[in-house]
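In case you want the letters, here they are:
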Amino acid sequence: MTAMMIREVLAACIFAAAVLFGTAGVIGLFRFPDPYSRLQASALCGTTAVLTTCVGALLLAPSWAVASRVIVIIIFFLFSAPTGSHIVARFAWNAGTPVWRPDRLRTLKGRRKAP
Amino acid sequence: MRPEGKWRLIRFSITALAMFAVWMLFVWSLDLFSLAAGALGALGIASLTYDVFIARHQANLRFFLPRPVHLAIYLCLLFLLIYQASFRMLAAVVTGRASPRIVHFKTRLRSDFARMVLANSITLTPGTVTLDLNDDHLTVHWFFCSTTHSTAAGNEVKGRLEAYVRKVWL
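An account of the accompanying structure is given in this report. On a predicted model such as this, the values are computed, not experimentally measured, just so you know.

Each value, and the rule that gives it
Residues numbered from 1 in each chain as written. Chains lettered and ligands numbered in written order. Predicted model: local features only at pLDDT ≥ 70, side-chain atom pairs only at ≥ 80, totals over all residues. Heavy atoms only, no water. 1 Å grid on protein atoms, 1.4 Å probe; cavity = no way out; pocket = protein on both sides within 12 Å on 5 of 7 lines; lining within 4 Å. Points joined across faces, edges and corners; volume = space filled by probe spheres on them. Helix = DSSP H or I, 4+ residues; strand = E, 2+ residues; numbered from the N terminus. Nonpolar A, V, L, I, M, F, W, Y, C, P; charged D, E, K, R; others polar. Salt bridge = Lys/Arg side-chain N within 4 Å of Asp/Glu carboxyl O. Buried < 20%, exposed > 50% of the residue type's maximum accessible area, 1.4 Å probe, protein only. Domains from an automatic or database assignment. Axes fitted to C-alpha atoms, helices over the stretch in contact; angles between N-to-C directions. Parallel < 35°, antiparallel > 145°, perpendicular 65-115°, else oblique. Left-handed = near helix turned anticlockwise from the far one by under 90°. Contact = heavy atoms within 4.5 Å. Polar contact = N/O pair within 3.5 Å; in protein donor to acceptor, adjacent residues only side chain to side chain.

## Things to note about empty space enclosed by the protein
Tallying each qualifying case throughout the model produces 1 cavity of 30 Å³ or more. For the largest cavity, the calculated volume is near 40 Å³. Lining the largest cavity are Ala43, Leu44, Thr47, Ala81, Pro82 and Ser85 of chain A together with Thr123 and Leu124 of chain B. Elements with a contribution of two residues or more to the lining of the largest cavity: helix 2 (35-60) and helix 3 (64-94) of chain A together with helix 4 (112-124) of chain B. The residue makeup of the lining of the largest cavity, split by class, is 5 nonpolar, 3 polar and no charged.

As structure tokens, this is what we get:
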């Protein structure tokens, strides 16, 4: 009984971490100005949130059958998540979207060049 | 049997076996029904798609078969790097401090599969998104850029990842 309780508390902590990452992803999505940086924040933090949730589910798995399915989901997710964000980034890059540079003002001072 | 036909048979059987393994992992039972359904499905799908999964010109078994021990080490490293990058991104979201740039560099990996894995790992890990992958040339959006020099940026971004991928796949 106590072993189950320890597992549940640990899983709750892991789920809390997942919520933290997910929230950071959403904040980053609205905070940064250009598509690449938004993608960085949302894709990376989103991936980590889902991965963390899966690890928590793995901890709570009642049997090996369920655990193996969670592992298969993790493997598929590790393939599909970066591929999805890569496709969006590639389209932005091919469309010629300029990159946000926070220090643009300092580096281009005096040159009066249009961005 | 001619080498061409032999190579086709090898590709077909590897695809079918991999699909059957994933199926077994997913159903996790040894009933006659699930075994038969898995075998039939794996053979049928593999006969249709083996040419897509393992292209004809990938003529080396090490190009797509991972070395198990090194694969395990690589996955552990990947998990570690994902979490490290996420905490860094968490800090960047809070402070709003970043130096995003686009950098180009080359990879020394030879097979399509290994390059795909490297590009995916780069997208997952240290605040970088792969924008384009042309043969061995990678275009990467780097969120915490410290240099735009090609070789230096390559070392910084790929770093240990490429060395480990080289041990797993050729």
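## Focus: the pattern of salt bridges
For the coordinates displayed, the defined rule picks out 4 salt bridges over all chains. One salt bridge in this structure joins Arg90 of chain A and Asp132 of chain B, with 2.8 Å as the shortest N-O distance. Of the two residues, Arg90 of chain A is situated in helix 3 and Asp132 of chain B in strand 2 (residues 128-134); the pairing between them involves two chains. Relative accessible area serves as the criterion here: at 33%, Arg90 of chain A is assigned to the partly exposed category. Note that Arg11 of chain B is salt-bridged to Asp51 of chain B, the shortest N-O span being 2.7 Å. Placement of Arg11 of chain B in helix 1 (residues 3-27) and of Asp51 of chain B in helix 2 (residues 32-53) is noted, with a sequence separation of 40 residues between them.

## As for the layout of surface pockets
Taken as a whole, the largest pocket holds about 1,800 Å³ of empty space. Along the wall of the largest pocket there are 45 residues; nearest its centre are Ile75 and Phe79 of chain A together with Ala18, Val22 and Phe113 of chain B. If you list the elements that add at least two residues to the lining of the largest pocket, you get helix 2 and helix 3 of chain A together with helix 1, helix 2, helix 3 (68-95) and helix 4 of chain B. It is helix 1 of chain B that provides the largest number of residues to the lining of the largest pocket, a total of 10 residues. Two domains each provide a minimum of three residues to the lining of the largest pocket, namely domain 1 (3-56) and domain 2 (68-168) of chain B.

## A few points about the packing of helix 1 (residues 2-31) of chain A against helix 3 of chain B
Running from amino to carboxyl end, helix 1 of chain A crosses helix 3 of chain B at an angle of 50°, the nearest separation of the two axes being 9 Å. Comparing the axis directions of helix 1 of chain A and helix 3 of chain B gives the class oblique. When the axes of helix 1 of chain A and helix 3 of chain B are compared, the crossing they make is left-handed. Between helix 1 of chain A, through Leu20, Phe21, Ala24, Ile27, Gly28 and Arg31 of chain A, and helix 3 of chain B, the contact on the second element is made entirely by Tyr83, Ser86, Phe87, Leu90, Val93, Val94 and Thr95 of chain B. The class makeup of the residues in the contact of helix 1 of chain A with helix 3 of chain B is 9 nonpolar, 3 polar and 1 charged.

## Focus: the packing of helix 4 of chain B against helix 5 (residues 150-168) of chain B
Axis angle and axis distance: for two packed helices, these are the angle between their axes and the distance between the axes, and together they describe the pair. Residues and elements named next belong to chain B. One way to put it is that helix 4 packs onto helix 5 with a least axis distance of 10 Å and a crossing angle of 145°. In terms of crossing hand, the pair formed by helix 4 and helix 5 is right-handed. In this structure, helix 4 uses Ala114, Val117, Leu118, Ser121 and Ile122 to contact helix 5, whose residues at the interface are Val157, Lys158, Leu161, Glu162 and Val165. Broken down by class, the residue content of the contact of helix 4 with helix 5 amounts to 7 nonpolar, 1 polar and 2 charged.

## Topic: the side chain of Arg11 of chain B
Residues and elements named next belong to chain B. A relative accessible area of 1% places Arg11 in the buried class. At a separation of 3.0 Å, a polar atom in the side chain of Arg11 contacts the main-chain carbonyl oxygen of Ile54. The contact partners of Arg11, leaving out residues within four places of it in the chain, are Tyr50, Asp51, Ile54, Ala55 and Arg56.

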